[in-house]
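# Structural features, examined
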Amino acid sequence: MIVAWNVPRVPRRYEESISMKEQDPAVACLYNGKAIQCLPMENGFVELKFDLEGDSVNKFNTLTINELREAVNVLKEQKDVRGLLLTSGKDCFIVGADVTEFLQHFKKTEDELVEWLLATDGVFSDIEDLPFPSVVAINGVALGGGFELCLSASYRIMSAETKVGLPETKLGIFPGWGGTVRLSRLSGADNAIEWIAGGEQYSCTDAMKIGAVDGAVAAADLRGAALKVLRDAADGKLDWKARRLEKISPLKLDKIEAGMVFEISKAFVAGKAGPNYPSPVAAIEVMQKGAGLMRDEALKIEAVTFAKIARTPTAASLVAVFLGDQMVKKIARKHTKEARPVKFGAVLGAGIMGGGIAYQSASRGIPVVMKDIAQKQLDLGMGEAVKLLDKQVERGKLTTAKMAETVARIKPALTYGDFGEVDFIVEAVVESEKIKKTVLADVESLIREDAILASNTSTISITLLAEALRRPENFCGMHFFNPVPRMPLVEIIRGKKSSPAAIATGVAYAQAMGKTPIVVNDCAGFLVNRVLFPYFDGFLKLVSDGVDFKRIDKVMEKWGWPMGPAYLLDVVGIDTGHHAAAVMKAAFPDRMGHDSKTAMDLMFEATRFGQKNGKGFYAYAPQKKGPPKKEADPAVPEMLNAVQRAEKEVTDQDIIDRMMLPMLLECSRCLEEDIVSTPVEVDISLLYGLGFPPFRGGIFRYVDALGTPNVLAAAEKHAELGKLYEPTTQLRDLAKAGKTFHAGV
Ligand SMILES: NC(=O)c1ccc[n+]([C@@H]2O[C@H](COP(=O)([O-])OP(=O)(O)OC[C@H]3O[C@@H](n4cnc5c(N)ncnc54)[C@H](O)[C@@H]3O)[C@@H](O)[C@H]2O)c1
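Below is a summary of the structure that appears in this document. Everything quoted here is computed from the prediction, not taken from an experiment.

Below, the discussion takes up the overall build of the protein. The helix and strand inventory of the protein stands at 30 helices and 21 strands. Computed over the C-alpha atoms, the radius of gyration of the protein is 29 Å, within 12% of the 27 Å expected from 2.2 N^0.38 for a compact globule of 745 residues. With respect to the three principal axes, the spread of C-alpha positions in the protein is 85 × 60 × 55 Å. Looking at the protein as a whole, 55% of its 745 residues are labelled buried. Here the contacts in the protein between residues at least 6 apart in sequence split such that 73% fall between residues at least 24 apart. Counting only carbon and sulfur atoms, one obtains 55% of the accessible surface of the protein, whose full area is about 31,200 Å². Here the protein holds 92 positive side-chain charges and 96 negative ones, and the gap between their average locations is 1 Å.

Dropping the structure here:
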C-alpha cells in the first residue's frame, strides 16, 4: 500500500506490480565486502546493500566508508548499469557515523580533518554524479551521515514506520558530509535550518512535507516501490538529471531573501542555543556562505567550518555524553539478568512524586494502582496525569483514544484491594522514617512473597528502612527526580540486604518506564543528593562570608548550571532542603552542615519556603503561563545581615571553585567508598539528575579538562574552609601520576 508520494516529482499512484526480478545469487557480486555488497539485478540495475558484518546496525565506520569508496569505484567502471538501488540488510538503514570513532577523528589537526571530510564527500558526490539514477529504500532509521548519504541519491523512498534526520548538533557538531549543502538545496534554506539546528528526528509526513524524501510506503511495499521509481527514472519518466542539477547548483534565493532567512534564524538560534553551544549557528553560517556556490565549493566551506567546530571542547563533551549514556545503559542491562517481570505496578502516595511515577508507568504501558490515604490527593494525582496527557494530545503526539487508554491504566485506590496481585510497589509517602517504616511493613504483609518493594525516599537509608521488613532482600531504593516525566535519572539503591533480583527488577522497571537507572550503594543522600548538599554548603558558606547570593547565582549560571544555587534551593523547596541538610549533617558531621546559623536556616524560620509559597531567596509572582516569575525581594538582603560577615574579596573564579570543589570531591569520595562504580555513572547521574551542563561533559570530564593537578592545587588553596575542601586520596594519587578520572581520554 502506498502511503503517499510527493508531487509532482513522482507520479501519485503506483499500483502496477513490480516485475523486476530480484537479484540472482548465481550472478557474481560486483563488490563483496564486510559492510557492503553490490549485486547486479535484472535489466541493468544494481543493488548496493549495507549490511555490516557482526553488528546489529549499519553505521559509517572507517570500514564502511572505505568499502563504499571501493564499491562506488567499481560501479563507475561498469558499462551497462541503468540504475542503482541502495538498501540495508538490517532493521535500520544507517544510524549515522560511528560515534565511537569520533573522539579520535576530532584529535586530528584542522587540515587533516578537512582532508578526511572531503574524502568522504567525494564518495557521496560520486554517487550523486553517477551516469545513471539512484534510489534509496530507507527501511529503518537513517540519521546523520546515514541520511546525508540518502540525500546524495536521486530519490529517497522511506518506510512509513521509520524516521530520518540530522541530529549532529546534539553532538556539538553539524552535518559534515554534505548535509548542509544538499538539504538546503532540496528543501529550502528555512527547512534545512530547522532540521539541522534542531537536530530532531522526523516522520515520513514531515520529511515529505519539505521534500527531504520523495515518498513513503508501508515497510512491506518499500522495495517494490523504490524499484519502481528507479525504473521510471531509468526509463526517462522521471527527470532525475534535473533533480541532480538542482542539488549541485547554488541555492535558489535572491540576496534579500537570503539575508532575511539566514540573519533572522542566526539570531533566533543563537538565543536558543546559548553561547556554549556554537554548532547550530555555525551550521547556518555554512549554509549562508555556501548558498551562492556550486556544490563542490559549498562542500569545502562545510568541511572547513566543521573541522573548527569538531575541535571545540563542546563537541568533545557532547560526544562523551553520548558515549557515556550508552555505557551507562550497557551497565544497567548487565544488572537486569535476574529481573522479575513487572506487569502490574503500585505506587503508595499520590503526591508530586507518586502521581508522577504512576503517570510514567501508565504512559509506558504498565498498569499501576495509585494508593493514598486522602481522596483529595488521588484526585490531584489523576488531575496531574490528565493534564500531562492533554498537553501531548494538544501537540499531536497522542490520540485521544491512546490518552484514554493511558488514564485507564492508573487505578486510584484508598484501600489495598489489588495489592495481592502487584509485581512491584514504589513507596512515595511523606519523608519520615517512622511513617515509611510503618507503611512498608503494612504493605509487605499484603503483597506476594516474590513482589519487590522499593522506596522513593530522597535521603533515608535503605538499610535502615529495611529493618522494618520481614523480607529485606525483596526491598531496594528507587529514587526518581522531580518532575518525574521530565527527569531521565532513577537511582536504584542497594541496601545491605537487597538481593540481586530486587536490584535487577528495579533497574528493569525503571528502563521500562523509559528512564536511565544507575545502581548505587546505600548511604545518606545516595549519590546525587550526597554530592548536591556539599555544593549547597559551599554556597551557604559564601553567603556567610558576605557574598551576594544573586552574584553567586549569576556566576554559576554563566558557568553553565541551568539555575544558580539560591534559585535551585527555592525550586527544590527551602523546607525540603532544610530537612535533607539535617540528614546529611547527621550522616557526615565532619564536613557537612554548619556550626552557626545559615541563610537557609533564616529562610526556613521565616517560612520562606521558596517557589512553593511565593518567597524564598527571591520573590515569585504567578504568571498566566509557565513557572512563577522570579524577582529580587528587597527584604532579603536586610534579613541576611543576621548571618553575613563583611564581604571578603572573592573573584568569580573563587566562587566557582568554592561551589564546585565540595561537589567534585564528594563525587570522588563516592567512588572511593564504592557508592558508585565508575566515573561515567557519576557524570551521567549529575547530567540527568541535576542538569549538570552537558557542554562540560560531566563532572569528572570537567575535572579531567582542568587537569587533576590543577584541581588539587585549587582544593589546597581553599584548605582553610574545612573538610569539605579536603582533597581525596584518589585525587592526590591521580594528580601525582598526572592521570585523569576517565582513563585513556
Ligand atoms: N518532591 C520531590 O522533589 C522529591 C524528589 C525525590 C524524592 N522525593 C521523595 O518522595 C516521597 C514523596 O514526596 P512528595 O514530594 O511526592 O510528597 P507529597 O507530600 O507531595 O506526597 C506524599 C503523599 O503521600 C500520601 N500519604 C501519606 N501517608 C500515606 C500512607 N500511609 N499511604 C498512602 N499514602 C500516604 C499523602 O497523602 C500524599 O499524597 C518522599 O519520600 C520524598 O522525599 C521527593
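From this point, the discussion proceeds with the structure in view.
Within a pair of aromatic rings, the relevant descriptors are the distance that separates the centres and the angle that separates the planes. This structure, assessed with the given rule, holds 27 aromatic pairs. For the pair Phe50 and Phe93, a centre-to-centre distance of 5.9 Å together with 70 degrees between the ring planes defines the contact as edge-to-face. Note that Phe50 is positioned in strand β4 (residues 45–50) and Phe93 in the loop between β5 (83–88) and α2 (102–105), a separation of 43 residues in sequence. Per residue, the accessibility class of Phe50 equals that of Phe93, and both read buried. The interplanar angle of 70 degrees and the centroid separation of 5.6 Å between the aromatic rings of Phe539 and Phe617 together place this pair among those described as edge-to-face.

The next point concerns the site of the ligand. The immediate surroundings of the ligand are formed by 20 residues, with Asp372, Gln377, Glu431, Lys436 and Ser458 found nearest. Between the ligand and Met353 there is a distance of 2.8 Å, counted from an oxygen atom to a backbone nitrogen or oxygen. Asn482 is positioned with one of its side-chain polar atoms (N or O) 3.2 Å from an oxygen atom of the ligand. Of all the secondary structure elements, the ones that give two or more residues to the shell around the ligand are α14 (352–363), α17 (433–444) and β17 (475–480). Taken together, the residues that form the shell around the ligand break down as eight nonpolar, eight polar and four charged.

Before going further, it helps to examine the environment of Arg231. Relative to the helices and strands, Arg231 resides in helix α8 (residues 222–234). Separated by 96 residues in the primary sequence, Arg231 and Val135 place their C-alpha atoms 9.6 Å from one another.

What the three strands build is an open sheet, ordered β7-β9-β10; its pairing is mixed. Each edge of the sheet is formed by a strand with only one pairing partner; in this case those strands are β7 (142–143) and β10 (201–202). Of the strand pairs in this sheet, strand β9 (residues 164–165) and β10 are connected by two bridges, and their pairing is antiparallel. Across the sheet, the residue bridging to Val164 is Tyr202, located in β10.

Time to look at helix α13 (residues 313–335). Taking 1.5 Å per residue, 23 residues should reach 33 Å; α13 reaches 33 Å between its end C-alpha atoms and fits that length. By the burial criterion, the buried members of α13 are Thr314, Ala315, Ser317, Leu318, Val319, Ala320, Val321, Leu323, Gly324, Asp325, Val328 and Ala332. Against α2, α12 (295–310), α19 (500–512), β19 (516–521), α27 (679–690) and α28 (699–706) lie the buried residues of α13.

What follows deals with a positive patch on the surface. Together, Lys163, Lys391, Arg395, Lys397 and Arg486 make up a region of like positive charge exposed at the surface. Turning to its location among the elements, Lys397 is positioned in the loop between α15 (375–394) and α16 (400–408). We classify Lys397 as exposed; its relative accessible area is 62%.

Next up on the list: the nonpolar core. By size, the foremost hydrophobic cluster in this structure holds 106 residues, and its most contacted members are Ile425, Phe539, Met556, Phe617, Met660, Met663 and Ile699. By residue number, the principal contributor to this core is helix α26 (residues 652–672), which donates 11 residues. In contact with Met663, other than residues within four places in its own chain, are Val531, Leu532, Pro534, Tyr535, Trp561, Leu686, Leu690 and Ile699. Residues Leu117, Met158, Val281 and Ile309 belong to the second largest nonpolar core, which totals 82 residues.

Glancing now at the sheet that holds β19. As summarised here, the arrangement of the eight strands in space is β14-β13-β12-β15-β16-β17-β18-β19, forming an open sheet in which the pairing is mixed. This sheet does not close on itself; its edge strands, each paired only once, are β14 (410–413) and β19. Looking at each pair of strands side by side, their axes are set apart by 25 degrees on average, direction ignored. Sheet topology places strand β12 (residues 345–348) next to strand β15 (residues 424–427); four bridges connect them, and they run parallel. Note on β15: the bridge partner recorded for Gly345 is Phe424. Packed onto the sheet, α19 meets β12, β13 (368–371), β15, β16 (452–455), β17, β18 (489–494) and β19 and runs at close to 175 degrees relative to β18.

The next subject is α27. Between the first and last C-alpha of α27 there are 16 Å, a value that for 12 residues agrees with the 16 Å anticipated at 1.5 Å per step. Across the 12 residues of α27, 12 count as buried, placing the element largely inside the fold. For α27, the full list of buried residues reads Pro679, Val680, Glu681, Val682, Asp683, Ile684, Ser685, Leu686, Leu687, Tyr688, Gly689 and Leu690. Buried residues in α27 make contact with α13, β18, β19, α20 (528–544), α26 and α28.

Working definition: two side chains of opposite charge can pair if their charged atoms are close together. If you walk through the whole model with that rule in mind, you get 48 salt bridges. Among the salt bridges present, the one from Glu297 reaches Lys300, with a minimum N-O distance of 3.2 Å. Remark: Lys300 and Glu297 occur in helix α12; sequence separation between them is three residues, near one turn of the helix. Arg530 is the salt-bridge partner of Glu673, the closest N and O atoms lying 3.0 Å from each other. Remark: Arg530 occurs in helix α20 and Glu673 occurs in the loop between α26 and α27; sequence separation between them is 143 residues. Taken together, the shared-partner salt bridges in this structure form one network comprising Glu128, Asp129, Arg182, Lys247, Arg295 and Asp296.

Attention shifts here to the side chain of Asn521. With respect to the element layout, Asn521 can be found in strand β19. At 2.7 Å, the side chain of Asn521 and the side chain of Arg494 are in polar contact. Polar contacts involving the side chain of Asn521 include one to the main-chain carbonyl oxygen of Asp674, which spans 2.7 Å.

This part covers the packing of α20 against helix α21 (residues 549–559). Packing of α20 against α21 leaves a shortest axis separation of 9 Å and a crossing angle of 135 degrees. With respect to their mutual orientation, α20 and α21 come out oblique. The hand of the α20/α21 crossing is right-handed. The residues of α21 that touch α20, namely those facing Tyr535, Phe539, Leu542 and Val543, are Phe549, Ile552 and Met556. Looking at side-chain class alone, the contact of α20 with α21 contains seven nonpolar, no polar and no charged residues.

Basis of the calculations
Residues numbered from 1 in each chain as written. Predicted model: local features only at pLDDT ≥ 70, side-chain atom pairs only at ≥ 80, totals over all residues. Heavy atoms only, no water. Helix = DSSP H or I, 4+ residues; strand = E, 2+ residues; numbered from the N terminus. Rg over C-alpha atoms; globule rule 2.2 N^0.38 Å. Buried < 20%, exposed > 50% of the residue type's maximum accessible area, 1.4 Å probe, protein only. Contact = heavy atoms within 4.5 Å. Areas by Shrake-Rupley, 256 points an atom, 1.4 Å probe, with all protein chains shown as cover. Lys, Arg positive; Asp, Glu negative; His and termini not counted. Charge placed at Lys NZ, Arg CZ, Asp CG, Glu CD. Phe/Tyr/Trp six-rings, centres within 6.5 Å; stacked < 30°, edge-to-face > 60°. Near = heavy atom within 4 Å. Polar contact = N/O pair within 3.5 Å; in protein donor to acceptor, adjacent residues only side chain to side chain. Nonpolar A, V, L, I, M, F, W, Y, C, P; charged D, E, K, R; others polar. Pairing = 2+ DSSP bridges. Expected span 1.5 Å × (residues − 1). Patch = residues over 30% accessible without salt bridge, like charges linked within 9 Å, V, L, I, M, F, W, Y side chains within 5 Å. Salt bridge = Lys/Arg side-chain N within 4 Å of Asp/Glu carboxyl O. Core = buried A, V, L, I, M, F, W, Y, C linked by side-chain atoms within 4.5 Å. Axes fitted to C-alpha atoms, helices over the stretch in contact; angles between N-to-C directions. Parallel < 35°, antiparallel > 145°, perpendicular 65-115°, else oblique. Left-handed = near helix turned anticlockwise from the far one by under 90°.

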